[in-house]
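Secondary and tertiary structure notes
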Amino acid sequence: MDKKSVFEQMVELPYLAPYIDVLRTAMELEIFEDLEEKSSAADIAERHGWNADNTEYLLKALTAFGFVEKNGNEYKNTVDAGRYMVKESPEYLAGFTLYYMDAGIEKVDIKEAVTKGPDALQKQELEGQMDFEQFGQMFRKAQMGLRQKELVDLVRELPENDSIHKILDVGCATGMLGLAVVGDAKDRTGVFFDRFPAQIIQESAELTGLGDRAEVITGDFLEDDLGDSYDLIIGISMMLFAKGNMEKLLKKFYDALNPGGVVLLISEGIDLDNPSPQDMYLGYLPYYLQGMNIGVEQGEIVKAAETVGFIKNETDTRILCYGTQDIVVLRK
């Protein structure tokens, strides 16, 4: 996230709420699907039974933001809006953005936290209250599109890519990310491990046509058997659940790998002394205010990995669709 001057931030501040409301509404209504071809506000409103005048105002706001182009009385997606907002695009991002806006970042009363301390807040458990069945479809959509493409591209960058035949996707949620990696090679199979109900993960495998190449295991990855003989283990945004037990989990990964196997972990890497990256620090701020230091810190994974025997460990920091992430590659 680019740093703006204090003045610029103060000028923009009153308009952030309507800006967010406009984009949220456009994504929830899937209006970008209607704008792959030129269309008037009246035609879109009639098609969906919406109010024509207010549909026009919404489209004009999207034009002002640079998501839509206007020519006469017709509107059309910009190139980037077509890439990121349309469900059929391989770089579709709106599903993840909506999920993250609604469920991905914990909400906390910052004023209450600062003035009264963490004991005044009702602490939220990371997983305990989650209705997996209810959120299954939302999670699945959040893992599709650009998130899949980014992960596949990272795996393709690995020198070992051509020799990866069996993968483990640990903390896989609905499994859509690991399934994209499995589907990228004809002879590749995958084991998918999570606390999600097996039927949701299996349903993802069937939807992607990979049901015969996917095995589902449910349980606690810190305590339960992960299987073995993997060429690649991937873990996306799940190492925070191993805080305090990182060496234990990484030793399980090490033992489950074939000789020459690779672990690919994508996680936040937060510097708490000089708070950065800005997006990751803000994302975890609600937890810090509740007295919960759960964010993975810079260098934390590699330090633990070296202790359990991994060699040639690499860390690369990149801006992915879900923020500034540390991409950690561990080799056995």
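Below, the structure is looked at part by part. (Residues numbered from 1 in each chain as written. Predicted model: local features only at pLDDT ≥ 70, side-chain atom pairs only at ≥ 80, totals over all residues. Heavy atoms only, no water.)

Some remarks on the overall build of the protein
Definition in use: Comment: elements are numbered from the N terminus, with helices defined as DSSP H or I runs of at least four residues and strands as E runs of at least two. Calculation of accessible area relied on Shrake-Rupley with a 1.4 Å probe; when residues are assessed, cover is drawn exclusively from the protein chains displayed. Charge counting follows a simple rule: Lys and Arg are positive, Asp and Glu are negative, and His as well as the terminal groups are ignored. Where a charge sits is defined by one atom per residue type, namely NZ (Lys), CZ (Arg), CG (Asp) or CD (Glu).
Looking only at helices and strands, the protein has 14 helices and 10 strands in total. Overall, the protein is about 65 × 55 × 35 Å in size when its C-alpha atoms are taken along their principal axes. When the accessible area of the protein is evaluated, it comes to approximately 17100 Å², of which 50% is carbon and sulfur surface. Taking the average location of the 33 positive side-chain charges in the protein and that of its 59 negative ones, the two points are 2 Å from each other.

Some thoughts on the pairing of strand β7 (residues 230-236)
What counts is decided by this rule: Buried, partly exposed and exposed residues are distinguished by accessible area as a fraction of the type maximum, computed with a 1.4 Å probe on protein chains only: under 20%, between the cut-offs, and over 50%, respectively. DSSP bridges decide pairing: two strands pair if at least two such bridges lie between them. Consider the strands pointing away from the viewer: the crossover is right-handed when the path from the first strand over the helix to the second runs clockwise.
Burial runs high along β7: 7 of the 7 residues are buried. In the sheet, strand β4 (residues 166-170) pairs with β7 via 3 bridges, with the strands oriented parallel. When the sheet's bridge partners are listed, Leu-168 is paired in β7 with Ile-233. Here β7 pairs with strand β8 (residues 257-267) via 6 bridges, running parallel. Its bridge partner lying in β8, Gly-235 is registered against Leu-265. Tracing the backbone out of β7, into helix α12 (residues 246-256) and back to the parallel element β8 gives a crossover that is right-handed.

Here we look at helix α2 (residues 16-28)
Put simply, the test is: Every helix has an expected span of 1.5 Å times one less than the residues it contains. Throughout, the arc means that of the directions going from the helix axis to the C-beta atoms.
The end-to-end C-alpha distance of α2 is 18 Å, a good match for the 18 Å that 13 residues give at a rise of 1.5 Å each. Within α2 the residues assigned to the buried category are Val-22, Leu-23, Ala-26 and Met-27. Projected down its long axis, α2 carries its buried residues within an arc of 125°, all on one side. Note on α2: the residue one or two positions beyond its end, Glu-30, has a positive phi of about 55°.

Examining the packing of aromatic side chains
Note the following rule: Two aromatic rings, drawn from Phe, Tyr or Trp (for Trp, its six-membered ring), form a pair once their centres lie within 6.5 Å of each other, and the interplanar angle then sorts them: stacked below 30 degrees, edge-to-face above 60, tilted otherwise.
Summed over the entire model, instances satisfying the criterion amount to 9 aromatic pairs. For the ring pair Phe-32 and Phe-67, a centre distance of 6.2 Å and an interplane angle of 40° mean the geometry is tilted. Highlighted residues: Phe-32 in the loop between α2 and β1 (39-40) and Phe-67 in the loop between α4 (52-65) and β2 (68-71), separated in sequence by 35 residues. Note on Phe-96 and Tyr-100: the rings are 5.3 Å apart at their centroids and 25° apart in plane angle, and the pair reads as stacked. In this pair, Phe-96 and Tyr-100 both sit in helix α6 (residues 94-104), 4 residues apart, roughly one turn of the helix. Look at Tyr-100 and you get partly exposed, because its relative accessible area is 30%. Grouped by ring-pair contacts, the aromatic residues Phe-96, Tyr-100 and Tyr-322 constitute a single cluster.

Re the pattern of salt bridges
Two side chains bearing opposite charge may form a pair once their charged atoms approach each other closely. We count it as follows: We count a salt bridge whenever a side-chain nitrogen from Lys or Arg sits within 4 Å of a carboxyl oxygen from Asp or Glu.
Counted according to the given criterion, the structure contains 19 salt bridges. Of the charged contacts in the structure, one is a salt bridge between Lys-141 and Glu-30, with a shortest N-O distance of 3.9 Å. Here Lys-141, found in helix α8 (residues 132-142), pairs with Glu-30, found in the loop between α2 and β1; they are 111 residues apart in sequence, far enough to count as distant. Salt-bridge contacts for Glu-300 lead to Lys-243; the nearest nitrogen and oxygen are separated by 3.1 Å. Taken together, the positions of Glu-300 in helix α14 (residues 300-308) and Lys-243 in the loop between β7 and α12 put the pair 57 residues apart, joining distant regions of the chain. The class for Glu-300 is partly exposed, based on a relative accessible area of 23%. Residue Lys-243 is classed as partly exposed on the basis of its relative accessible area, which comes to 21%.

Considering the side chain of Arg-331
Heads up, the rule is: Distance and chemistry together define a polar contact, namely a pair of N or O atoms within 3.5 Å, with one atom able to donate a hydrogen and the other to accept it when in protein, and with adjacent residues in sequence counting only for side-chain atoms on both sides.
Its place among the elements puts Arg-331 in strand β10 (residues 323-331). For Arg-331, a relative accessible area of 11% puts it in the buried group. In this structure the side chain of Arg-331 is engaged in a polar contact, spanning 2.6 Å, whose partner is the side chain of Glu-160. A polar contact is formed between the side chain of Arg-331 and the side chain of Glu-314, at a distance of 3.1 Å.

Quick look at the sheet that holds β1
What counts here: The criterion used for residue contact is that any of the two residues' heavy atoms lie within 4.5 Å. To get an axis, a line is fitted to the C-alpha atoms, and for a helix only the part in contact is used. The angle between two axes follows their N-to-C directions and goes from 0 to 180 degrees.
One open sheet holds the 3 strands; their spatial order is β1-β3-β2, and the pairing between them is antiparallel. For this open sheet the edge positions go to β1 and β2, each flanked by a neighbour on one side alone. Packed on one face of the sheet, α4 meets β2 and β3 (74-77) and runs near 115° to β2.

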